[in-house]
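Chain and residue survey
Each chain, written out:
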Amino acid sequence: MSKLSKWYGPLLLLSVLWLLLLGLNASYLYRLASMVLIFGLLAASANLITGVAGLMTLGHAAFYGVGAYTAGLLSSLYQLPPWLTLPLAGLSAALLGGLTAWLTRRLVNVHFAVATLGIGQAVFVTLLNWVDFTRGPMGVTDIAPLYQGSAAVSLAIVMLVFVVLYQLLDRIIHSYYGNALRALREDAQCVAAMGIDPGKLKIQVMVVGCFIAGLAGALWAHSTRYISPGDFKFSESITILAMVVIGGLGSLPGAILGALLLTLLPELLRSLGDYRMLVVGSIMFGFIMFLPKGLIGEYSALRIFRKQIRTLET
């Protein structure tokens, strides 16, 4: 485990305790904290697919949306509890991700990216126009909260899911399997020459990444208790990708930091009104220009991890 990742659990726990101390006026901060954690999961899952495995995805919001609608509809129509809708949402998104990877397993680079863009648009149009099933532009309402009657406990559940999935991704990335994914990113032909099936790797990493995106969508549905197709349009995919790029491609702590920055900045600049997104866009452009490797590049993250391993061995 890297030195940075050790502190995410304790820091998040302290954050929850701090929010609890704010008392009755903390409802907005509870929701903001949940949003940061959910987008952190989305950025982390996109980082596994794009940053580590090198599969540029432009339709990540589609898998996020499938998870959200699975949880929302199961909760609203069939009154299933969140502990059941969350894994089902993850499985539905993983199924779509695995199918997408299987259909596009021979595509590389921009061709794969365009294919995922098509999947994203297809899902968005389906959510928008299949009114009898998804309620179309009206969205899904009456979604049960993660925990009835306590926003603090709901936030604690989101935090727990975040910590568990973060540790899982950390183990995957810093393992021999993670090395295979990085080899796929660099040269798929060399991976095949070593006896590893690149197509199977693509399917596996898409299934894992989309499962986490589906869980994030379910958490979003149960946290907001209302979802609509507008939450999962193409711009959301670009925002998630921007979080990964700004944080540092291939760096898990960087993806979380990018999510934190791009989630909180629009809220902090809300007083600027219509100009706030212009400011946010300018800041993003500055990061890309002057920090092309991101806030925490993959090389720096791996160096910290290996240094910590050597310290433990001695």
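Now for a quick tour of the structure. All of these numbers come straight from a predicted model, not from anything done at the bench. (Residues numbered from 1 in each chain as written. Predicted model: local features only at pLDDT ≥ 70, side-chain atom pairs only at ≥ 80, totals over all residues. Heavy atoms only, no water.)

A look at helix H3 (residues 60-78)
As a reminder of what qualifies: Secondary structure elements are defined from DSSP: runs of H or I of at least 4 residues count as helices, runs of E of at least 2 residues count as strands, and each element is numbered from the N terminus. Helix span, expected: 1.5 Å multiplied by one less than the number of residues in the helix.
Compared with an ideal rise of 1.5 Å per residue, which puts 19 residues at 27 Å, H3 spans 27 Å between its outermost C-alpha atoms and is within 8% of the ideal. Looking one or two residues beyond H3, the residue adopting positive phi is Gln-79, at roughly 55°.

Observations concerning the nonpolar core
We apply this condition: Definition of nonpolar core: a set of buried residues of the types Ala, Val, Leu, Ile, Met, Phe, Trp, Tyr and Cys, connected through side-chain atoms within 4.5 Å. Three labels apply to residues, based on accessible area from a 1.4 Å probe with only protein chains included: buried if under 20% of the type maximum, exposed if over 50%, partly exposed otherwise in between. Here a residue-residue contact requires only that any non-hydrogen atoms of the pair lie within 4.5 Å.
Ranked by internal contacts, the top residues of the largest apolar core, which has 74 residues, are Phe-39, Leu-41, Met-206, Leu-219, Trp-220, Ile-227 and Phe-232. No other element matches the 14 residues that helix H2 (residues 27-52) contributes to this core. Leave out the neighbours within four places in its chain, and Leu-219 touches Ile-38, Leu-41, Leu-86, Leu-146, Val-158 and Val-161.

Re the packing of helix H7 (residues 151-173) against helix H12 (residues 252-268)
Stated formally: The convention used is that axes are lines fitted to C-alpha atoms, helices contributing only their stretch in contact, and that angles between N-to-C directions extend from 0 to 180 degrees. Three residue categories are used. Nonpolar comprises Ala, Val, Leu, Ile, Met, Phe, Trp, Tyr, Cys and Pro, charged comprises Asp, Glu, Lys and Arg, and polar comprises the others, including Gly.
Remark: H7 packs on H12, axes separated minimally by 10 Å, with the N-to-C direction vectors making an angle of 145°. Across the interface between the two elements, Phe-162, Tyr-166, Leu-169, Asp-170 and Ile-173 of H7 pack against Leu-252, Pro-253 and Ile-256 of H12. For the contact of H7 with H12, the residue count by class is 7 nonpolar, no polar and 1 charged.

As for unusual backbone geometry
At Asn-109, a residue that is not glycine, the phi angle is positive and equals roughly 50°. Relative to the elements of secondary structure, Asn-109 occurs in helix H5 (residues 109-129). A residue is classified by how much of its surface remains accessible, and Asn-109, at 63% relative accessible area, is exposed. Of note in this structure, Asp-142 is not a glycine but carries a positive phi near 60°. With respect to the element layout, Asp-142 can be found in the loop between helix H6 (131-134) and H7.

A few points about the packing of helix H4 (residues 82-103) against helix H10 (residues 198-224)
Two measures define how a pair of helices packs: the angle their axes make with one another and the distance between the axes. The line we're drawing: Left-handed describes a crossing in which the near helix is turned anticlockwise from the far one by less than a right angle; the clockwise case is right-handed.
For the pair H4 and H10, interaxial distance at closest approach is 7 Å and the crossing angle is 145°. In the crossing of H4 with H10, the sense of the turn from one axis to the other is right-handed. For the contact of H4 with H10, the per-class residue count stands at 17 nonpolar, 7 polar and 1 charged.

Concerning a nonpolar patch on the surface
Note the threshold: Like charges within 9 Å and nonpolar side chains (Val, Leu, Ile, Met, Phe, Trp, Tyr) within 5 Å are joined into patches, using only residues over 30% in relative accessible area that form no salt bridge. Using a 1.4 Å probe, accessible areas were evaluated by the Shrake-Rupley method; residue-level cover was limited to the displayed protein chains. Between Lys or Arg on one side and Asp or Glu on the other, a salt bridge is scored when a side-chain nitrogen of the former is within 4 Å of a carboxyl oxygen of the latter.
Among the surface-exposed residues, Leu-257, Leu-260, Phe-285, Met-289, Phe-290, Leu-291 and Leu-295 lie close enough to one another that they form a single nonpolar patch of about 690 Å² accessible area. Listed by contribution, the elements that provide at least two residues to the nonpolar patch are H12 and helix H13 (276-290). The element that contributes the greatest number of residues to the nonpolar patch is H13, accounting for 3 residues. Taking relative accessible area as the criterion, Leu-257 reaches 33% and is therefore assigned partly exposed.

Describing the packing of aromatic side chains
Spelled out, the test is: Between the rings of Phe, Tyr and Trp (Trp by its six-membered ring), a pair exists once the centres lie within 6.5 Å; its type follows the angle of the planes, with under 30 degrees stacked, over 60 edge-to-face, and the other angles tilted.
Inspection of the entire model under this criterion finds 6 aromatic pairs. Aromatic side chains Tyr-69 and Phe-232 sit 6.0 Å apart centroid to centroid with 70° between the ring planes, which places their arrangement in the edge-to-face category. With a gap of 163 residues between them, Tyr-69 in helix H3 and Phe-232 in the loop between H10 and helix H11 (234-247) connect regions that are remote in the sequence. Across the pair, exposure class does not vary: Tyr-69 and Phe-232 are buried alike. What links up through ring pairs into an aromatic cluster is the set Phe-39, Tyr-64, Tyr-69, Trp-220 and Phe-232.

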